[in-house]
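Fold and contact review
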Amino acid sequence: MAQCVFCKVAAWETPSQRVYEDDKFIAFLDINPVNFGHTLIIPREHYANFIETPEDVLSEMTKLAKKIAPAILEAMKAPAFNITFNSGQEAGQAVHHIHMHIIPRYADDGHKQWHGRDRYAEGEMGATAKKIKELIK
Ligand code: 5GP
Ligand code: ZN
């Protein structure tokens, strides 16, 4: 018996409304949609989050999103969508099996977009860029 929520979905221990599947990936409707048609793409194999997921798996997920997102837009008559990965609990990741959200969006659908809140102090922007740049492996 699978332990993880999405391993259970992959194993059909939890039913799901699948819109696409192949030998490596499944795309299915989110049970608690931000808007109707909200879809999740998961690899069948378990990886905890974005950092833990191999590059080739992430790029295949992106390729799949290119295929699936236009169908979601057409089916849901949505003009736009958000793609997100929440990676880590503090970023809102509740299910620790990598998943890509594709969320159809509408004008005035009541969901707030992020807005920049912070301002860098003098010199801090350059220092921050330098710090990140030096840590890229
Ligand atoms: P997270 O917050 O981890 O990025 O997103 C997890 C998403 O999975 C949530 O939007 C939640 O509604 C959805 N979800 C959780 N459990 C299930 C489930 O058993 N089936 C389906 N279809 N969606 C689920
Ligand atoms: Zn899993």
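All of the points below concern the structure found in this document. Please read these numbers as outputs of a predicted model, since none were measured by experiment.

All right, on to the site of ligand 1 then. With respect to spatial proximity, 16 residues lie near ligand 1, and among them Asp-30, Gly-92, Ala-94, His-99 and His-101 are the closest. Taking His-99, its side chain carries an N or O atom lying 2.8 Å from an oxygen atom of ligand 1. Coverage of ligand 1 by the protein chains reaches 82% of its 520 Å² of free accessible surface. Contributing elements (two or more residues each) for the shell around ligand 1: α1 (5–10) and β2 (25–29).

Take the environment of Phe-50 next. Along the polypeptide, Phe-50 turns up in the loop between β3 (39–43) and α2 (55–76). Between the C-alpha atom of Phe-50 and that of Phe-6, which follows or precedes it by 44 residues, the distance is 15 Å. In this structure, Phe-50 is in contact with Leu-58, Phe-85, Ser-87 and Ile-98, ignoring residues within four places of it in sequence.

Take the coordination of the zinc ion (ligand 2) next. For a metal with four tetrahedral donors the ideal donor-metal-donor angle is 109.5 degrees, whereas six octahedral donors ideally subtend 90 or 180 degrees. Each protein donor to the zinc ion (ligand 2) is listed here as Cys-4 (SG), Cys-7 (SG), His-46 (ND1) and His-97 (ND1); together their distances run 2.0 to 2.4 Å. Relative to the metal, the four donor atoms surrounding the zinc ion (ligand 2) lie at angles of 103 to 120°, and the coordination shape comes out tetrahedral. Binding-site remark: the zinc ion (ligand 2) is held by donors from one chain whose sequence spacing is C-x2-C-x38-H-x50-H. Placement of Cys-4 in the segment before α1 and of His-97 in the loop between β4 (80–84) and β5 (100–105) is noted, with a sequence separation of 93 residues between them. Each member of the pair, Cys-4 as well as His-97, carries the same accessibility label: buried.

Moving on: the sheet that holds β5. The five strands are arranged β1-β2-β3-β5-β4 in an open sheet whose pairing can be described as antiparallel. Each edge of the sheet is formed by a strand with only one pairing partner; in this case those strands are β1 (18–21) and β4. Averaged over all neighbouring strand pairs, the angle between strand axes comes to 15°, with direction disregarded. Where α2 meets the sheet, its contacts fall on β1, β2, β3, β4 and β5, and the angle it forms with β5 comes to roughly 25°.

Let's shift gears to α2. Along its 22 residues, α2 runs 30 Å from first to last C-alpha, staying within 8% of the 32 Å computed at 1.5 Å per residue. A maximum bend of about 30° is found in α2 at Lys-66, where proline Pro-70 lies one to four positions downstream. Taken residue by residue, α2 has Val-57, Leu-58, Met-61, Leu-64, Ala-65, Ile-68, Ala-69, Ile-72 and Leu-73 as its buried positions. The inward-facing, buried residues of α2 contact β1, β2, β3, β4 and β5. Positive backbone phi, at 50°, marks Lys-77, one or two positions downstream of α2.

Another aspect to go through is the environment of Ile-26. Following the sequence through the fold, Ile-26 ends up in strand β2. The exposure class of Ile-26 is buried, given its relative accessible area of 0%. Counting along the chain gives 18 residues from Ile-26 to Arg-44, while the straight-line C-alpha distance between them is 6.8 Å.

This part covers the side chain of Asp-30. Topologically, Asp-30 is positioned in the loop between β2 and β3. For the buried Asp-30, which has no salt bridge, the nearest side chain bearing the opposite charge is Arg-105, at an N-O separation of 14 Å. At a separation of 2.8 Å, a polar atom in the side chain of Asp-30 contacts the main-chain amide nitrogen of Asn-32. Setting aside chain neighbours within four positions, we find Asp-30 in contact with His-38, Thr-39, Leu-40 and His-101.

Rules behind the numbers
- Residues numbered from 1 in each chain as written.
- Chains lettered and ligands numbered in written order.
- Predicted model: local features only at pLDDT ≥ 70, side-chain atom pairs only at ≥ 80, totals over all residues.
- Heavy atoms only, no water.
- Near = heavy atom within 4 Å.
- Polar contact = N/O pair within 3.5 Å; in protein donor to acceptor, adjacent residues only side chain to side chain.
- Areas by Shrake-Rupley, 256 points an atom, 1.4 Å probe, with all protein chains shown as cover.
- Helix = DSSP H or I, 4+ residues; strand = E, 2+ residues; numbered from the N terminus.
- Contact = heavy atoms within 4.5 Å.
- Donors = N, O, S within 2.8 Å, 3.2 Å for Na, K, Ca; no water.
- Tetrahedral: all angles 85-135°; square planar, octahedral: opposite > 155°, others 65-115°.
- Buried < 20%, exposed > 50% of the residue type's maximum accessible area, 1.4 Å probe, protein only.
- Pairing = 2+ DSSP bridges.
- Axes fitted to C-alpha atoms, helices over the stretch in contact; angles between N-to-C directions.
- Expected span 1.5 Å × (residues − 1).
- Bend = angle between axes of the 7 residues up to and from the residue.
- Lys, Arg positive; Asp, Glu negative; His and termini not counted.
- Salt bridge = Lys/Arg side-chain N within 4 Å of Asp/Glu carboxyl O.

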